[in-house]
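Report on the structure
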Amino acid sequence: IVFGDWSSDVCSSDLLVPVLPVFVIGAVLAMTTSSAVIPLLTQIYQENYPERQRGKLFSRAFIIRIATAALFSELAGRALSNRIGYFPWLLAVFAGAFAFAAFTLVRIPSRPLATLAGTHPFRSLRYARDDRLFRQTLISWMFLGFATLMMLPLRVEYLANEKHGVLLDGKPLTAATIAMLTGVIPNVARLVLNPLWGWLFDRMNFFTLRITLNIGFALGALSFFVGGSLPWLVLGAVLFGIANAGADLAWSLWVTKFAPPERVADYMSAHTFFTGLRGLFAPLVAFYVLAGMPLHFAGWICAGLILVGTGFLIPEIKHGRRARPASALVEEVSE
């Protein structure tokens with residue numbers, strides 16, 4: 001996108017192609033490529049981070065991402081509060097960040113991926129069929145992920161739309177305040193707690209860790225949407241950030257605990273595929289289901305989905321520390 005008058009308020013003339021389909025196609029392309037790299041990154045973590053320190057090292061790298069997100073949320077919120085027409089600058093920063101990330105990724109040591117299961121684009125889904133523990137965890141993650149992805153757009157809608165009655169000193173919340181509650185506070189909590197969750201990931205039963213995080217998400221949803229006052233909003237933002245700090249590690253690295261080393265990218269691609277499915281439908285379902293009811297019901301709905309997902313994990317706690325030989329699963333799947 002090429003921008004025109006940077007100083008004016010937002011209008012269609014600020015863009016080279018002021019057509020909605022161009023924006024949609026560009027957004028889809030950006031999200032598709034950024035998501036496609038995730039399984040490859042997980043394979044890189046598997047190859048470059050020692051197993052007993054993987055969570056610790058990943059959390060250190062992630063701290064940079066969290067601190068940058070918190071700082072940028074604050075600055076972007078202030079900029080948009082002053083003038084919404086500054087949004088093209090934010091898009092330019094996003095593009096520059098992706099370019100720099102590509103530049104650094106090229107320099108990370110890696111090896112060619114194994115192709116034991118063939119080259120079919122959906123070959124990785126066979127592991128969800130053949131590996132019962134993997135399948136059970138994916139089902140649990142579907143409920144949890146659906147709830148958390150429903151919450152993401154609803155948190156902004158809840159704070160920004162005056163009809164929901166969220167006011168500060170009798171006035172609607174500013175963009176800066178909304179950015180503080182949805183970006184800055186959660187990311188600061190993630191920043192502070194991320195090293196602890198990295199340490200726990202390396203030492204704690206994975207399913208016990210995941211259940212603990214689920215409880216944090218459920219309590220955060222209830223505090224944020226049901227509390228009804230600024231202190232409860234702050235508490236919900238803090239709980240969401242704390243749980244998200246652990247979820248960052250659990251979501252990104254959990255397949256390294258159960259997948260054969262050479263199949264980590266395949267397992268992660270299956271996990272990412274189902275994440276994309278719920279990411280596609282969860283926001284739509286959220287707004288459709290809640291269109292005719294008070295938005296604070298979202299807290300109860302999300303908490304309920306999280307508890308259902310947690311129920312699938314409780315029987316698997318006994319497998320939380322199991323490390324299966326790589327050859328065993330490869331032989332099992334190839335049969």
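Above: the structure in question.
Owing to the predicted nature of the structure, the values given are computational and were not obtained by experimental measurement. (Residues numbered from 1 in each chain as written. Predicted model: local features only at pLDDT ≥ 70, side-chain atom pairs only at ≥ 80, totals over all residues. Heavy atoms only, no water.)

1. Observations regarding the nonpolar core
Membership of the largest hydrophobic core comes to 62 residues, with the highest contact counts inside it found for Phe134, Tyr158, Leu159, Phe206 and Trp254. Residue contributions to this core peak at 11 residues, all from helix 6 (residues 132-160). Beyond its immediate sequence surroundings of up to four residues, Phe206 is in contact with Trp141, Phe201, Ala250, Trp254, Lys257, Phe258 and Gly320. (Core = buried A, V, L, I, M, F, W, Y, C linked by side-chain atoms within 4.5 Å. Buried < 20%, exposed > 50% of the residue type's maximum accessible area, 1.4 Å probe, protein only. Helix = DSSP H or I, 4+ residues; strand = E, 2+ residues; numbered from the N terminus. Contact = heavy atoms within 4.5 Å.)

2. Quick look at the packing of aromatic side chains
Following the criterion strictly, the structure yields 21 aromatic pairs and no others. Ring geometry for Phe206 versus Phe258: centroids 5.8 Å apart, planes at 70 degrees, classification edge-to-face. In this pair, Phe206 sits in helix 8 (residues 206-226) while Phe258 sits in helix 10 (residues 255-258), placing the two residues 52 residues apart along the sequence. Just as Phe206 is buried, Phe258 falls in that class too. Grouped by ring-pair contacts, the aromatic residues Tyr127, Phe134, Trp141, Phe206, Phe207, Trp254, Phe258 and Tyr267 constitute a single cluster. (Phe/Tyr/Trp six-rings, centres within 6.5 Å; stacked < 30°, edge-to-face > 60°.)

3. Here we look at the environment of Leu239
Relative to the helices and strands, Leu239 resides in helix 9 (residues 230-253). Classification of Leu239 by relative accessible area gives partly exposed; the value is 21%. Measuring from C-alpha to C-alpha, the distance between Leu239 and Pro186 comes to 7.6 Å, with 53 residues separating the pair along the chain. Leu239 has contacts with Gly216, Leu219, Gly220 and Ser223, leaving out every residue within four places of it along the chain.

4. Here's the deal with the side chain of Asn214
The residue Asn214 is located in helix 8 in this model. With relative accessibility at 1%, the residue Asn214 sits in the buried group. Filtering out sequence-adjacent residues up to four positions away, Asn214 remains in contact with Leu144, Ile306, Thr310 and Leu313.

5. Re the packing of helix 1 (residues 20-36) against helix 2 (residues 38-48)
Interhelical geometry of helix 1 versus helix 2 gives an angle of 25 degrees and a closest axis separation of 5 Å. Here helix 1 is positioned roughly parallel relative to helix 2, judged by the angle of their axes. Only Ile38, Pro39 and Leu40 of helix 2 make contact with helix 1, whose side of the interface consists of Ser34, Ser35 and Ala36. Partitioning the contact of helix 1 with helix 2 into residue classes produces four nonpolar, two polar and no charged. (Axes fitted to C-alpha atoms, helices over the stretch in contact; angles between N-to-C directions. Parallel < 35°, antiparallel > 145°, perpendicular 65-115°, else oblique. Nonpolar A, V, L, I, M, F, W, Y, C, P; charged D, E, K, R; others polar.)

6. Here's the deal with helix 8
Compared with an ideal rise of 1.5 Å per residue, which puts 21 residues at 30 Å, helix 8 spans 30 Å between its outermost C-alpha atoms and is within 8% of the ideal. N-cap assignment for helix 8: the residue whose side-chain oxygen lies 3.0 Å from the backbone N of Phe207 is Asn205. Gly228 sits one or two residues past helix 8 and shows a positive phi near 85 degrees. (Expected span 1.5 Å × (residues − 1). Polar contact = N/O pair within 3.5 Å; in protein donor to acceptor, adjacent residues only side chain to side chain.)

7. Brief notes about a nonpolar patch on the surface
A surface patch of nonpolar side chains, amounting to about 880 Å² of accessible area, comprises Phe122, Phe273, Leu277, Leu280, Phe281, Leu284, Val285, Tyr288 and Val289. Position of Leu280 among the secondary structure elements: in helix 11 (residues 264-289). (Patch = residues over 30% accessible without salt bridge, like charges linked within 9 Å, V, L, I, M, F, W, Y side chains within 5 Å. Areas by Shrake-Rupley, 256 points an atom, 1.4 Å probe, with all protein chains shown as cover. Salt bridge = Lys/Arg side-chain N within 4 Å of Asp/Glu carboxyl O.)

8. Some thoughts on the pattern of salt bridges
Under the criterion given, the structure shown has four salt bridges. A salt bridge links Asp130 to Arg129, with the shortest nitrogen-to-oxygen separation between them at 2.8 Å. Of the residues examined, Asp130 reaches a relative accessible area of 24% and is grouped as partly exposed. Here Glu316 and Arg132 are joined by a salt bridge, their closest N and O atoms 2.8 Å apart. Residue Glu316 is found in the loop between helix 12 (297-313) and helix 13 (326-334), and its partner Arg132 is found in helix 6; the two are separated by 184 residues along the sequence. For Arg132, a relative accessible area of 40% corresponds to the partly exposed category.

9. What about the environment of Ala286?
For Ala286, the position within the fold is in helix 11. Separated by 16 residues in the primary sequence, Ala286 and Cys302 place their C-alpha atoms 9.6 Å from one another. Residue contacts for Ala286: discarding those within four places in its chain leaves Met150 and Leu154.

Shape descriptors only; they carry no functional weight alone.
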